[in-house]
Amino acid sequence: MKTLKLNLSTTVAFLALAAVSCLFNACEKNPKPIEKVKDGLNIRENEEIKDAAEAVGKAVEKSGENIKEAVKDATN
């Protein structure tokens, strides 16, 4: 029973994190073509910070997919 509660609380925590990530993505502005070129050349302002934020976003998306698969496996 404790394992089930732990799994459910972990799943809820990850889903909350994914929901917050979706909110941040919804607020994201569309980059201008010049920004895409600067991104490709790695010359954007605060490049390291922007790259780190993009990596975090991708990691959250991946963890959301893993959570969905885990919940699907657990319920079957």
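Criteria and cut-off values
Residues numbered from 1 in each chain as written. Predicted model: local features only at pLDDT ≥ 70, side-chain atom pairs only at ≥ 80, totals over all residues. Heavy atoms only, no water. Helix = DSSP H or I, 4+ residues; strand = E, 2+ residues; numbered from the N terminus. Expected span 1.5 Å × (residues − 1). Buried < 20%, exposed > 50% of the residue type's maximum accessible area, 1.4 Å probe, protein only. Salt bridge = Lys/Arg side-chain N within 4 Å of Asp/Glu carboxyl O. Axes fitted to C-alpha atoms, helices over the stretch in contact; angles between N-to-C directions. Parallel < 35°, antiparallel > 145°, perpendicular 65-115°, else oblique. Contact = heavy atoms within 4.5 Å. Nonpolar A, V, L, I, M, F, W, Y, C, P; charged D, E, K, R; others polar.

Chemist: It is not clear to me how helix α3 (residues 47-75) should be interpreted in this structure. Could you clarify?
Modeler: The periodicity of an α-helix, 3.6 residues per turn, causes residues three or four positions apart to be oriented the same way. Compared with an ideal rise of 1.5 Å per residue, which puts 29 residues at 42 Å, α3 spans 42 Å between its outermost C-alpha atoms and is within 8% of the ideal. Taken residue by residue, α3 has Glu-47, Gly-57, Val-60, Gly-64 and Ile-67 as its buried positions.

Chemist: For this particular structure, what's the right way to read unusual backbone geometry?
Modeler: Comment: phi is negative for the bulk of residues other than glycine, and the bulk of peptide bonds are trans. Unusually for a residue other than glycine, Asn-42 sits at a positive phi of about 55°. The residue Asn-42 is located in the loop between α2 (33-41) and α3 in this model. Positive phi is not limited to glycine here, since Asn-46 has a value of about 55°. Structurally, Asn-46 is set in the loop between α2 and α3.

Chemist: Just to check I follow, could you spell out the pattern of salt bridges for this structure?
Modeler: Once the charged atoms of two side chains with opposite charge are near each other, the side chains can pair. Enumeration according to the criterion identifies 3 salt bridges in this entry. The residue Arg-44 makes a salt bridge to Glu-47 at a minimum N-O spacing of 3.0 Å. A single burial state applies to Arg-44 and to Glu-47, both of which are buried. For the salt bridge of Arg-44 with Glu-54, the shortest nitrogen-to-oxygen distance reads 3.2 Å. In this pair, Arg-44 sits in the loop between α2 and α3 while Glu-54 sits in helix α3, placing the two residues 10 residues apart along the sequence. With relative accessibility at 35%, the residue Glu-54 sits in the partly exposed group. Among the ionic contacts, a cluster of salt bridges with common partners joins Arg-44, Glu-47, Asp-51 and Glu-54.

Chemist: Looking at this model, I keep getting lost on the packing of α2 against α3. Mind explaining?
Modeler: Packed helix pairs are specified by the crossing angle of their axes together with the interaxial distance, meaning the distance between the axes. Running from N to C, α2 and α3 cross one another at 95°; their axes reach a closest spacing of 11 Å. By the angle between their axes, α2 is roughly perpendicular relative to α3. Mapping the contact onto sequence places Glu-35, Lys-38 and Asp-39 in α2 and Glu-47, Lys-50, Asp-51 and Glu-54 in α3. Residues that form the contact of α2 with α3 fall into these classes: no nonpolar, no polar and 7 charged.

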